[in-house]
Amino acid sequence: MPTPTLLRWFASRPSSLLARARAPGPEPAPASTSSESAAAAPARKPRELLRIGLPRTLNLWSTHQFWVGFLTALGIDPRRIEFSSDTSDAQGRAFGMGRGTVDCCYPVKCMSGHYGELLAREKRPIDILLTPMIAALPSFLGGHVMASLACPRVMAAPENIRAGFMRSGDAFAEHGIRHVSPLVNLDEPQLAARQLHTALQDVLPGLVPAETQRAVDAGMRALADFGARMRARSLEILEACARENRPCLLVLARPYHMDPGIGHEIEVDLQGCGYPVLWSQYLPTDEALLRWMFRADLDAGLIRSPLDIADVWPSSYSANTNEILWGAKFAARMPWVACVVRLSSYECGMDQPTYTPVQRIVESSGTLFFSFQDLDATKPAGSVKIRVETIDAYLRTMSAGIIERKRAGAAPGCPLLAAGDGVG
Ligand code: SF4
């Protein structure tokens, strides 16, 4: 699955959302003050004239559809929802220099550049910088794991980065921008609605709880629809690979590794070699397919459902970590996933304990495994090129054998293949 699918989405605004934004909304109400920033002007604007900026960072990469759907349902013109650009060295140098507060992992550090870029926009100046502190995420593994929490560094990042813009004066007030960073549990829509109403009632004129709940529900639907479309596309890719008996690759990484400045587009280089690329966040979860893949584990009583990861990761509290572990299990059982590429960032404490189990799960099935760790600002273009060529060479010589062995060990009746042509 090509990364640009998501990249394009950030840049486009579906016309259906625009139509909804134009629907009649509540009357503007007088502004209330915020304790966060002295700039009260934005709340005096009618909603349809507000311009809202969101940093294209961290878990916004997996929840952007929720925020666009949510804000649009509240009457914000989707053309006035502004995402910062991709992470880049130039962005960090121009807008984030000197704004650091605490030493942190690379993806969190990068957020300063995104904040600075949104504050500095002169052509389309924002009124509100909305940067949610996402405490928990909606996950397709929900109900099968202990919890779906965000990494604590991700959750705290908005306040951490805000501090860097308050050190020598309130940079938000200087630009007439309100900084709003609601703590939000996106895995619990009713709680999320209460949290968002509390945080936004001062900056969105006339906002009431019932309207906030409806907007949260609309955001959840938008997110679910997008996830379903991405999973359907992944399924099509796997069906094509099964039909043609050719290999594909799976990327195991956090959602923000789709950012070209964080993941350095390593998977794009591999796709350029002709291999379809899947991401663990959008693997297909069709019942028949998963029952076929996990039949032996279910029959042996190792797991309670195909989405259960207790057999390999009992402390399943972190949403993104859980999805990486499940992705490793998927790769091990899917014959046409001949290679897994693992990405992780500099100073990521959450990924470290997962390195060994993920590699073991993948390699125990005979699937190729390559890891790019400690990714930071520097794209080591030369070494990435050599490693991409190495992966390509391994796949050219080994993928047919890998697929054959994995097919031989799989249950009969693969749903990816035409009836009567099952694996076995
Ligand atoms: S999961 Fe790792 S890279 Fe991501 S915010 Fe947490 S520590 Fe940083």
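Up top you'll find the structure we're talking about.
One structure accompanies this document, and this report is about it. Note on numbering: residues in each chain are counted from 1, in written sequence order. The predicted origin of the model limits local features to residues at a pLDDT of at least 70 and limits the giving and counting of side-chain atom pairs to 80 or more, whereas totals for whole chains, interfaces and linings rest on all residues. Note that water and hydrogens are dropped before the side-chain values are worked out from all heavy atoms of the structure.

### Structural notes on the overall build of the protein
- Scanning the protein for helices and strands turns up 17 helices and 10 strands.
- Relative accessible area decides the class of each residue, using a 1.4 Å probe on protein chains only: under 20% of the type maximum gives buried, over 50% gives exposed, and in between gives partly exposed. Every one of the 424 residues in the protein was classed for burial, and the buried ones make up 56%.
- What makes two residues a contact is simply this: any of their non-hydrogen atoms within 4.5 Å. Summarising the internal contacts of the protein: among those between residues at least 6 apart in sequence, 79% fall at separations of at least 24.
- In the structure as shown, the protein presents an accessible area of about 17100 Å², 54% of it carried by carbon and sulfur atoms. Strands here are runs of E lasting at least two residues and helices are runs of H or I lasting at least four, both read from the DSSP assignment and numbered beginning at the N terminus. Calculation of accessible area relied on Shrake-Rupley with a 1.4 Å probe; when residues are assessed, cover is drawn exclusively from the protein chains displayed.

### Focus: the sheet that holds strand 3 (residues 128–130)
- On the basis of which strands lie adjacent, the open sheet formed by four strands has the order 2-1-3-5 and parallel pairing. Of all strands in the sheet, those with a lone pairing partner are strand 2 (81–83) and strand 5 (178–180), marking the two edges. The sheet shows a mean angle of 25° between the axes of neighbouring strands, direction not considered.
- Two strands qualify as a pair provided that DSSP identifies no fewer than 2 bridges between them. One ladder, built from three bridges, connects strand 3 with strand 5; its direction is parallel. Across the sheet, residue Leu129 finds its bridge partner in strand 5, namely His179. Angles run from 0 to 180 degrees between N-to-C directions of axes, and those axes are lines fitted to C-alpha atoms, restricted for helices to the stretch in contact.

### Some details on the pattern of salt bridges
- Salt bridge, as used here, is a side-chain nitrogen of Lys or Arg placed within 4 Å of a carboxyl oxygen of Asp or Glu. Per the counting criterion, the structure on display carries 20 salt bridges.
- Glu82 is the salt-bridge partner of Arg124, the closest N and O atoms lying 2.6 Å from each other. Pair noted here: Arg124 is in the loop between helix 6 (111–119) and strand 3 and Glu82 is in strand 2, with a separation of 42 residues, a long-range link.
- You can call Glu82 buried: its relative accessible area is 6%.
- Residue Asp311 pairs with Lys329 through a salt bridge whose shortest N-O separation is 2.9 Å. Here the residue Asp311 occupies a position in the loop between helix 14 (295–299) and helix 15 (319–333), and Lys329 occupies one in helix 15, the gap between them amounting to 18 residues.
- In the salt-bridge network here, residues are joined through shared partners; they are Arg51, Glu82, Glu117, Arg121 and Arg124.

### As for the nonpolar core
- Counting 48 residues, the largest nonpolar core has Leu129, Cys339, Leu343 and Leu395 as the members making the most contacts within it.
- Considering every element that reaches this core, the biggest residue donor is helix 17 (residues 381–409), with five residues.
- Of the residues that make up this core, three or more belong to each of domain 1 (4–224) and domain 2 (240–409).
- Look past the residues within four positions of Leu395 in its chain and what remains in contact with it is Leu249, Tyr275, Ala338, Cys339 and Leu368.
- In this description, a nonpolar core means a group of buried Ala, Val, Leu, Ile, Met, Phe, Trp, Tyr and Cys residues linked to one another through side-chain atoms lying within 4.5 Å. In this structure, Leu252, Leu289, Ile303 and Ala411 belong to the second largest nonpolar core, which totals 44 residues. In this document the domain limits rely on a domain assignment from an automatic tool or a database.

### Here's the deal with the site of the ligand
- Taken together, Cys105, Pro107, Val108, Cys151, Arg153, Val154, Arg254, Tyr256, Cys348, Gly349 and Met350 are the residues near the ligand.
- Listing elements by their share of the shell around the ligand, those giving two or more residues are helix 5 (106–109) and helix 7 (152–164).
- Looking at the shell around the ligand residue by residue, the classes come out as eight nonpolar, one polar and two charged.
- When residues of the shell around the ligand are assigned to domains, at least three map to each of domain 1 (4–224) and domain 2 (240–409). Near, as used in this document, describes a residue that has one of its heavy atoms within 4 Å of the molecule or strand being considered. Think of it as three bins: nonpolar holds Ala, Val, Leu, Ile, Met, Phe, Trp, Tyr, Cys and Pro, charged holds Asp, Glu, Lys and Arg, and polar takes everything else, Gly as well.

### Points about the side chain of His64
- Note that His64 resides in helix 3 (residues 60–73).
- Of note is the side chain of His64, whose polar atom sits 3.5 Å from the backbone oxygen of Trp61.
- In protein, a polar contact means a hydrogen-donor-capable atom and an acceptor-capable atom, both N or O and within 3.5 Å, with residues adjacent in sequence counting only if both atoms are side-chain atoms; elsewhere, any N or O pair within 3.5 Å suffices. A polar atom in the side chain of His64 sits 3.3 Å from the side chain of Gln65.

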